[in-house]
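Notes for the structure review
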Amino acid sequence: MQPIVLFDLDGLLIDSEPIWDAAKREVFGPLGLHLTTEMQAATRGLRQRDMVAYWFDRATIQADPDDVEQQIVAAVCRVP
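Residues numbered from 1 in each chain as written. Predicted model: local features only at pLDDT ≥ 70, side-chain atom pairs only at ≥ 80, totals over all residues. Heavy atoms only, no water.

Turning our eyes to something else, we now look at the overall build of the chain. A count of helices and strands for the chain gives 4 helices and 0 strands. Tracing the chain from N to C terminus, the helices and strands come up as α-α-α-α. Expressed along its principal axes, the backbone C-alpha trace of the chain runs to roughly 55 × 25 × 20 Å. With 80 residues in all, the chain has 26% of them scored as buried. For the chain, the proportion of contacts with a sequence separation of at least 24, taken over those separated by at least 6, is 49%. Surface summary for the chain: the accessible area is close to 5900 Å², and the carbon and sulfur share equals 56%. Here the chain carries 7 positive and 13 negative side-chain charges, and the mean point of each set is 2 Å from the other. (Helix = DSSP H or I, 4+ residues; strand = E, 2+ residues; numbered from the N terminus. Buried < 20%, exposed > 50% of the residue type's maximum accessible area, 1.4 Å probe, protein only. Contact = heavy atoms within 4.5 Å. Areas by Shrake-Rupley, 256 points an atom, 1.4 Å probe, with all protein chains shown as cover. Lys, Arg positive; Asp, Glu negative; His and termini not counted. Charge placed at Lys NZ, Arg CZ, Asp CG, Glu CD.)

So, on to helix H1 (residues 17–28). Every α-helix winds through 3.6 residues per turn, so residues three or four apart in the chain are directed the same way. Compared with an ideal rise of 1.5 Å per residue, which puts 12 residues at 16 Å, H1 spans 16 Å between its outermost C-alpha atoms and is within 8% of the ideal. Every buried residue of H1 is accounted for by Asp 21, Ala 23, Lys 24, Val 27 and Phe 28. Projected down its long axis, H1 carries its buried residues within an arc of 160 degrees, all on one side. (Expected span 1.5 Å × (residues − 1). Arc of directions from axis to C-beta.)

What follows deals with helix H3 (residues 48–58). Restricting attention to buried positions, one finds in H3 the residues Gln 48, Met 51, Val 52, Trp 55 and Phe 56. The buried residues of H3 occupy one face: seen down the axis, they fall within an arc of 135 degrees. Exposed residues lying more than 90 degrees from the buried face of H3 are Asp 57 and Arg 58.

Our focus in this paragraph is the environment of Gln 40. Position of Gln 40 among the secondary structure elements: in helix H2 (residues 37–43). Distance from Gln 40 to Glu 17, taken between C-alpha atoms, is 9.7 Å for residues 23 residues apart in sequence. If sequence neighbours within four positions are ignored, Gln 40 has contacts with Asp 21, Lys 24, Arg 25 and Leu 35. A polar contact is formed between the side chain of Gln 40 and the backbone oxygen of Asp 21, at a distance of 3.0 Å. (Polar contact = N/O pair within 3.5 Å; in protein donor to acceptor, adjacent residues only side chain to side chain.)

Counting 14 residues, the largest nonpolar core has Phe 28, Val 52, Val 68 and Ile 72 as the members making the most contacts within it. Those elements that place two or more of their residues in this core are H1, H3 and helix H4 (65–77). Ignoring sequence-local partners within four residues, the contact set of Val 68 consists of Val 27, Phe 28, Leu 31, Val 52, Phe 56 and Ala 63. (Core = buried A, V, L, I, M, F, W, Y, C linked by side-chain atoms within 4.5 Å.)

Time to look at the confidence of the model for the chain. Overall, the prediction assigns the chain a mean pLDDT of 91, with 92% of residues at 70 or greater. Mean pLDDT across the secondary structure elements of the chain bottoms out at H1, with 95, and peaks at H3, with 97. (pLDDT = per-residue confidence, 0-100.)

Here it is as structure tokens:
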């Protein structure tokens, strides 16, 4: 029997939103953007690149958007 891998990209099997929210706070916080629950809700459902662009358009962030996006994904991947 071959192993099977199941990807859950829409939160059906696990509610991953709290993990993503924590990762965004972890990455954006040191850059001066402290995301509240309400602020997080404003970008829920957006692709990561679009979410990062949304906040770069609304805040003064001294960083590379691509690097920020990669840091957020890396933070999510570190969750045990």
